[in-house]
Amino acid sequence: MKRKNKLIHPRDQITTIISRIYKRGMTTTSGGNISIIDDNGDIWVTPSAIDKGSLRASDIICVKKDGTIIGDHKPSSEFPFHKAIYEARPDIKSVIHAHPPALVSFSIVRQIPNTNIISQAKHICGPIGYAEYRLPGSEDLGEVIADEFKKGFKAIIMENHGTVLGGSDLTDAFERFEALEFCARTILYGSQIGTPRYLTDAQIDDFEAQATGVLPEMKDAEYPSDEVEKRLEICQIVQRSCQQGLMISSYGTVSMRWNDNDFLITPTGINRWDLDLDDIVQIKDGKREAGKKPSRAAWIHQEIYNRNPEVNSIIMTQSPYLMAFGVTGSYLNVRTIPESWIFLQDIKTLKYGAHFRKNNNSDLVDNCATALIIENDSVIITGDKLLQTFDYLEVAEFSAKSIVLGNSLGEMVPINDNQVEDLRKKFLS
Ligand SMILES: [Zn+2]
């Protein structure tokens, strides 16, 4: 992925990411720690026992290569294993440790989540190691974790404790952390309504082999103000989707129709949390803006715009409760509450691979429904205004969540055909 943080001070990188992790409910006030090793071999690390919800750059500690500690607090009590990882693996430049609830669920039942649950996760996370229980903060814990990293893993489940991830930089480590917790959540939620199905390695290889940026490049792009406004709108919705837990760093595409069948779309290979206006790719007359790689799903967006004149914006993402349906094949019945049915009507599910260009994909792009689930991959939401499309996504995710949570109470009773007919007459005709 494209990195943007080379020239951001480690202190600032750490405070940004810890606050993101805290706000997304992936660490508690006291738990979790992050570090970065810089090119001098100095390690920047979160302090021990300081509120993760209000950490400032000045709270970050520097442990110099010679062991000198610089800062106002003590370094994290788990500093020994951060140090052990850097010693074991010179390619790792950043480490995240936390106790996010779904991965802790796996850790306490002593299982490793299978990342073949969604397309890109295996590629992002790599194989997952497993470190046996040891006393927190001990050199012993450092040793068992470093042993796992020595085997080549970059992601580890810590028995009865949590998880630890390494990366070539903090963005890379965060992407891995977020994708692994996402897999864990999807498997957990899916298991409440059915049996999760996993992709084969061959299916994932097929996904990864899809060509990106296959559209020809245009010579000179023009950027009138309405075009720039749409870029801003897309960036804001992507940011909001990430904040609301509806999109993760490594997956998700948003586009808006511009003129006729021309549109603006998010790029491939750039962390969704950090998207800027100039990352957005203009697609005009079937050509892409020079030097940029649009999302691999750009052709789906193009076909949807070509064939569905009423669609003016598209969001393609992975959100955990919708994906619980996407990985189990359970039918998502949106006849839950009137709002859900009015906005979404009935949601179809497509087989994995139907979203590959080489396959016959007319189901995907003809008579495009408001919401469509692609097995083990994503959900596609279409609408007129982008904010409205985002709202449909939220409504769909909430409906899915209500069904998953309600399942432990009893069987869902949908509104009946007559009630649906009344809704159709009043709201849709
Ligand atoms: Zn811990």
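Residues numbered from 1 in each chain as written. Predicted model: local features only at pLDDT ≥ 70, side-chain atom pairs only at ≥ 80, totals over all residues. Heavy atoms only, no water.

Colleague: Requested: an account of the pairing of strand E7 (residues 155-158), with residues and values cited.
Modeller: The two faces of E7 match: Ala155 and Ile157 on one face and Ile156 and Met158 on the other face are all buried. In this sheet, E7 lies alongside strand E6 (residues 128-131) in parallel orientation, the contact comprising four bridges. The residue of E7 that forms the bridge with Tyr130 is Ile157. As for the winding sense of the linkage, the β-α-β connection from E6 through helix H5 (residues 139-150) to E7 is right-handed. Taken together, the four bridges between E7 and strand E8 (residues 162-167) define a ladder with antiparallel strand orientation. (Buried < 20%, exposed > 50% of the residue type's maximum accessible area, 1.4 Å probe, protein only. Helix = DSSP H or I, 4+ residues; strand = E, 2+ residues; numbered from the N terminus. Pairing = 2+ DSSP bridges. Right-handed = clockwise from strand over helix to strand, strands pointing away.)

Colleague: How would you summarise the coordination of the zinc ion if you had to cite specific residues and measurements?
Modeller: Looking at the zinc ion, the protein donor atoms are His97 (NE2), His99 (NE2) and His161 (NE2), and they sit 2.1 Å from it. Each donor residue of the zinc ion lies on the same chain, and together they follow the pattern H-x1-H-x61-H. One end of the pair, His99, is in the loop between strand E5 (94-98) and helix H3 (101-108); the other, His161, is in the loop between E7 and E8, with 62 residues separating them in the sequence. Judged by relative accessible area, which is 13%, His161 ranks as buried. (Donors = N, O, S within 2.8 Å, 3.2 Å for Na, K, Ca; no water.)

Colleague: Give a description of helix H1 (residues 10-23) that names residues and reports values.
Modeller: With 14 residues, H1 should reach 20 Å at 1.5 Å per residue; the first-to-last C-alpha distance of 20 Å fits that figure. Along H1, the residues classified as buried are Pro10, Gln13, Ile14, Thr15, Ile17, Ile18, Arg20 and Ile21. Those residues of H1 hidden inside the fold are in contact with strand E1 (33-37), strand E2 (43-45), E5 and helix H6 (170-193). Gly25 sits one or two positions beyond H1 and adopts a positive phi of about 70°. (Expected span 1.5 Å × (residues − 1). Contact = heavy atoms within 4.5 Å.)

Colleague: A description of the sheet that holds strand E9 (residues 253-257) should follow, citing residues and the corresponding values.
Modeller: Remark on secondary structure: sheet strands pair via backbone hydrogen bonds, oriented parallel or antiparallel. Taken in spatial order, the eight strands line up as E12-E11-E10-E9-E13-E16-E15-E14 in an open sheet, and their pairing is mixed. Either end of the sheet is taken by a strand with one partner, and the two such strands are strand E12 (287-288) and strand E14 (348-350). For strand E10 (residues 263-265) and strand E11 (residues 281-284), the ladder comprises three bridges, and the chain directions are antiparallel. Note that in E11 the partner of Leu264 across the bridge is Gln282. Strands E9, E10, E11 and strand E13 (313-317) of the sheet are contacted by helix H8 (residues 225-243), whose axis makes an angle of about 150° with E9. (Axes fitted to C-alpha atoms, helices over the stretch in contact; angles between N-to-C directions.)

Colleague: Lay out the pattern of salt bridges in plain terms, naming residues and giving numbers.
Modeller: This structure, assessed with the given rule, holds 26 salt bridges. Residues Glu148 and Lys151 are paired through a salt bridge, measuring 2.6 Å at the closest nitrogen-oxygen approach. Taking relative accessible area as the criterion, Lys151 reaches 58% and is therefore assigned exposed. Put simply, Arg231 and Glu227 hold a salt bridge, and the shortest N to O gap is 2.8 Å. (Salt bridge = Lys/Arg side-chain N within 4 Å of Asp/Glu carboxyl O.)

Colleague: Before we move on, can you summarise the pairing of E9 with the specific residues and values?
Modeller: Successive residues of a regular strand alternate their side chains across the two faces of the sheet. Of all the five residues making up E9, five are buried; the element is thus mostly covered by neighbouring parts of the structure. Joining the antiparallel neighbours E9 and E10 is a turn of five residues, in which Asp260 adopts a positive phi near 45°.

Colleague: Kindly report on the sheet that holds E1, identifying the contributing residues and their values.
Modeller: With respect to topology, eight strands assemble into an open sheet ordered E4-E3-E2-E1-E5-E8-E7-E6, the strand pairing being mixed. Looking at the sheet topology across the chains shown, the edges are occupied by strand E4 (69-70) and E6. Relative to E4, strand E3 (residues 61-63) is paired through two bridges, and the arrangement is antiparallel. Within E4, the residue paired with Cys62 across the bridge is Ile70. The strands that H1 touches are E1, E2 and E5; relative to E1, the one it contacts most, it runs at about 155°. Against the sheet, helix H2 (residues 79-88) touches E1, E2, E3, E5, E7 and E8, its axis set at about 35° to E1.

Colleague: Pulling in residues and values, what's your account of the packing of H3 against H6?
Modeller: Two elements in contact, H3 and H6, have axes separated by 7 Å at closest approach and are oriented at 70°. On the basis of the axis angle, H3 is roughly perpendicular to H6. Counted together, Pro101, Ala102, Leu103, Ser105 and Phe106 of H3 and Leu180, Glu181, Ala184, Arg185, Ile187 and Leu188 of H6 form the full contact between these two elements. Looking at the contact of H3 with H6, its residues break down into eight nonpolar, one polar and two charged. (Parallel < 35°, antiparallel > 145°, perpendicular 65-115°, else oblique. Nonpolar A, V, L, I, M, F, W, Y, C, P; charged D, E, K, R; others polar.)

Colleague: Describe the environment of Glu397, with residues and values.
Modeller: With respect to the element layout, Glu397 can be found in helix H13 (residues 386-406). Ignoring sequence-local partners within four residues, the contact set of Glu397 consists of Leu246, Ser319, Pro320, Tyr321 and Leu322. Looking at Glu397, its side chain comes within polar contact range of the side chain of Ser319, at 2.6 Å. (Polar contact = N/O pair within 3.5 Å; in protein donor to acceptor, adjacent residues only side chain to side chain.)

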